[in-house]
Structures are given as C-alpha cells and as structure tokens.
Amino acid sequence: DAGVIQSPRHEVTEMGQEVTLRCKPISGHNSLFWYRQTMMRGLELLIYFNNNVPIDDSGMPEDRFSAKMPNASFSTLKIQPSEPRDSAVYFCASSNEAPGELFFGEGSRLTVL
Amino acid sequence: RKEVEQDPGPFNVPEGATVAFNCTYSNSASQSFFWYRQDCRKEPKLLMSVYSSGNEDGRFTAQLNRASQYISLLIRDSKLSDSATYLCVVRSGYSTLTFGKGTMLLVSP
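Let me sum up the structure you'll find in this document. Note that the structure is a prediction, hence the values are computed from the model and not measured.

**Describing the overall build of chain B**
- Across its full length, chain B holds zero helices and eleven strands.
- The N-to-C order of helical and strand elements in chain B reads β-β-β-β-β-β-β-β-β-β-β.
- Here chain B has a C-alpha radius of gyration of 13 Å; the compact-globule value for 109 residues is 13 Å, and the two agree.
- In terms of its C-alpha atoms, chain B occupies a principal-axis envelope of roughly 40 × 30 × 20 Å.
- When burial is assessed residue by residue, chain B has 46% of its 109 residues classed as buried.
- Put simply, 56% of the contacts in chain B that link residues at least 6 apart link residues at least 24 apart.
- Summing over all exposed atoms, chain B offers an accessible surface of approximately 5,400 Å²; the carbon and sulfur share of this is 49%.

**Details of the pairing of strand E7 (residues 60-65) of chain B**
All names here are of chain B.
- Alignment of strand E6 (residues 55-57) against E7, held across three bridges, turns out to be antiparallel. When the sheet's bridge partners are listed, Asp 57 is paired in E7 with Phe 60.
- In sequence, E6 turns back onto E7 through a hairpin of two residues, with Gly 58 there showing a positive phi of about 65°.
- Where E7 meets strand E8 (residues 70-75), six bridges bridge the pair, whose relative direction is antiparallel. If you follow Gln 63 over to E8, its bridge partner there is Ser 72.

**Details of the pattern of salt bridges**
- All chains considered together, the criterion is met by 13 salt bridges over all chains.
- A salt bridge links Arg 9 of chain A to Glu 106 of chain A; the nearest nitrogen and oxygen atoms lie 3.1 Å apart. Here Arg 9 of chain A, found in the loop between strand E1 (5-7) and strand E2 (10-13), pairs with Glu 106 of chain A, found in the loop between strand E10 (103-104) and strand E11 (108-112); they are 97 residues apart in sequence, far enough to count as distant.
- Residue Arg 9 of chain A is classed as partly exposed on the basis of its relative accessible area of 37%.
- Since its relative accessible area comes to 41%, Glu 106 of chain A is described here as partly exposed.
- A salt bridge links Lys 79 of chain B to Asp 77 of chain B; its shortest N-O distance comes to 2.9 Å.
- Its relative accessible area of 32% is what places Lys 79 of chain B among the partly exposed residues.

**With respect to unusual backbone geometry**
- Cis geometry marks the peptide bond from Ser 7 of chain A to Pro 8 of chain A; its omega dihedral reads -10°.
- You can see Pro 8 of chain A is positioned in the loop between E1 and E2.
- In this structure, Pro 10 of chain B follows Gly 9 of chain B across a cis peptide bond, with omega equal to 5°.
- On the secondary structure map, Pro 10 of chain B appears in the loop between strand E1 (4-6) and strand E2 (11-14).
- Here the phi dihedral of Asn 51 of chain A falls at roughly 50°; this positive angle occurs in a residue that is not glycine.
- Take Asn 51 of chain A: it is sitting in the loop between strand E5 (42-50) and strand E6 (53-56).
- Located in the positive-phi region is Asn 52 of chain A, a residue other than glycine, with phi close to 75°.
- Inspection of the secondary structure puts Asn 52 of chain A in the loop between E5 and E6.
- The exposure class assigned to Asn 52 of chain A is partly exposed, which follows from its relative accessible area of 29%.

**Some details on the layout of surface pockets**
- By volume, the largest pocket amounts to about 820 Å³.
- As for the largest pocket, its lining consists of 27 residues, of which Gln 37 and Met 39 of chain A together with Gln 38, Arg 41 and Thr 85 of chain B are closest to the centre.
- At the level of secondary structure, the elements contributing two or more residues to the lining of the largest pocket comprise strand E4 (31-38) and strand E9 (88-95) of chain A together with strand E9 (84-91) and strand E11 (103-108) of chain B.
- Per-class residue counts for the lining of the largest pocket are ten nonpolar, ten polar and seven charged.
- Considered as a void within the structure, the second largest pocket measures approximately 450 Å³ in volume.
- If you trace the second largest pocket, you find 17 residues lining it, with Leu 43 and Glu 44 of chain A together with Glu 3, Thr 98 and Phe 99 of chain B closest to the centre.
- Counting residues per element, the ones that place at least two in the lining of the second largest pocket are E5 of chain A together with strand E10 (97-99) of chain B.
- Considering only residue class, the lining of the second largest pocket consists of six nonpolar, five polar and six charged.

Rules behind the numbers
- Residues numbered from 1 in each chain as written.
- Chains lettered and ligands numbered in written order.
- Predicted model: local features only at pLDDT ≥ 70, side-chain atom pairs only at ≥ 80, totals over all residues.
- Heavy atoms only, no water.
- Helix = DSSP H or I, 4+ residues; strand = E, 2+ residues; numbered from the N terminus.
- Rg over C-alpha atoms; globule rule 2.2 N^0.38 Å.
- Buried < 20%, exposed > 50% of the residue type's maximum accessible area, 1.4 Å probe, protein only.
- Contact = heavy atoms within 4.5 Å.
- Areas by Shrake-Rupley, 256 points an atom, 1.4 Å probe, with all protein chains shown as cover.
- Pairing = 2+ DSSP bridges.
- Salt bridge = Lys/Arg side-chain N within 4 Å of Asp/Glu carboxyl O.
- 1 Å grid on protein atoms, 1.4 Å probe; cavity = no way out; pocket = protein on both sides within 12 Å on 5 of 7 lines; lining within 4 Å.
- Points joined across faces, edges and corners; volume = space filled by probe spheres on them.
- Nonpolar A, V, L, I, M, F, W, Y, C, P; charged D, E, K, R; others polar.

Purely geometric stuff here, so don't read any function into it on its own.
Written out as structure tokens, the structure is:
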C-alpha cells in the first residue's frame, strides 16, 4: 500500500517567491497533519484537518502560511511570500480516528535563499 | 516550561550496551504517550506506545510515571541499527500530538 506521498521532496527558492507543498494522505485516513521540523524547534504542528475540515490551525506561524484540503486525498500548504526563516523540512502525516500512530510522508525540504 | 522535554544527547554507546532515555511532560491532563524513532534525514515512525503499567517490545521497554509526569525508554543489547533520534510524544487533546525535540543515540562497534 502506498504511504503518505509528499511533493516536492526538495525545493530551493528565493525570498519573496510563493511555495506550494503537496500531500496525498493514506487512503481511508480521515485526519491530516502538517508539521514543520527545524534543528532549533524540533517538530511543530502547523495545522490539523479532520474529514477535510481545518480543526486546529493555531500553529500556523502567520498569514503568509495557508493550508487547504479540498478533498480526502489531497492537501496543500502554501507560503506566500517565502522568507529565509521558513527554511525547514515540512512533513505531512495522516491517521485514522484518534491518532496514536501518525504515518508521515518523507517530507519536503525547503530552502529559502 | 516546554510541553515535552528530552535530553538532546547524543548518547554514544558501544554495541551491546543498555541505554535509557527520559522525557518529561508539562500537561498533567495528557492522555497518551508514545516513542517515535527518526533516522537521519528520514521521517519519524512509531516505535511503541507507552502504557501506564509499562510495556516491553523485544529489547525495548517503555515506562510511564504519571505522578512525576515522566516517560522512559530502555534499550537493551544495543545494535548498530538502533542509531537514530528517539522522539517522545504526548497526546493531550483529542487529536494533537506534541513531539519532544528528540534524543540522539549513536551505537558504535
């Protein structure tokens, strides 16, 4: 079975550019999470969807970040405009029911110059 | 106080050694506890859940002390393949999992 699929795996962009990260959760999972990981702050939850509805977006850093889940099989995380401090690995994860086990994608490594 | 705190390490141990990691959490209402493992430049994966009575999975033993808000992971007979970062994870609300920053383990021949 396919796991969580993220794209792109790597992105290098310049400050001010728009970045869109994509995620396909595991089929049948009803919860989707976007996390950001840096050396300084570790894994931070950005936003959580349940049945395609955003439930908790308190971790979204600021208005430059937005996330959507138009259907059960696709989500995007957008940063506009990007800044160097956004450089991190962005993970998407999905789970079924109350999460104990989160299944993570391989991550999108973002570098903003 | 951070929600989930871990000693970042690294812990350098020889093969065959026993090593223990500790984790403390700040929210006394936390409901569920887990250890995840993350290999270098890879995604985190669930290692094991932590139950109130303590639980064992092969060489790995996890324990929970709710009174002290403390979780531990013990690895016996360390293997080279155990080298990774171990993340302590706490669930407080219905959905939110909070991750510690992880403890790095390096097992050497």
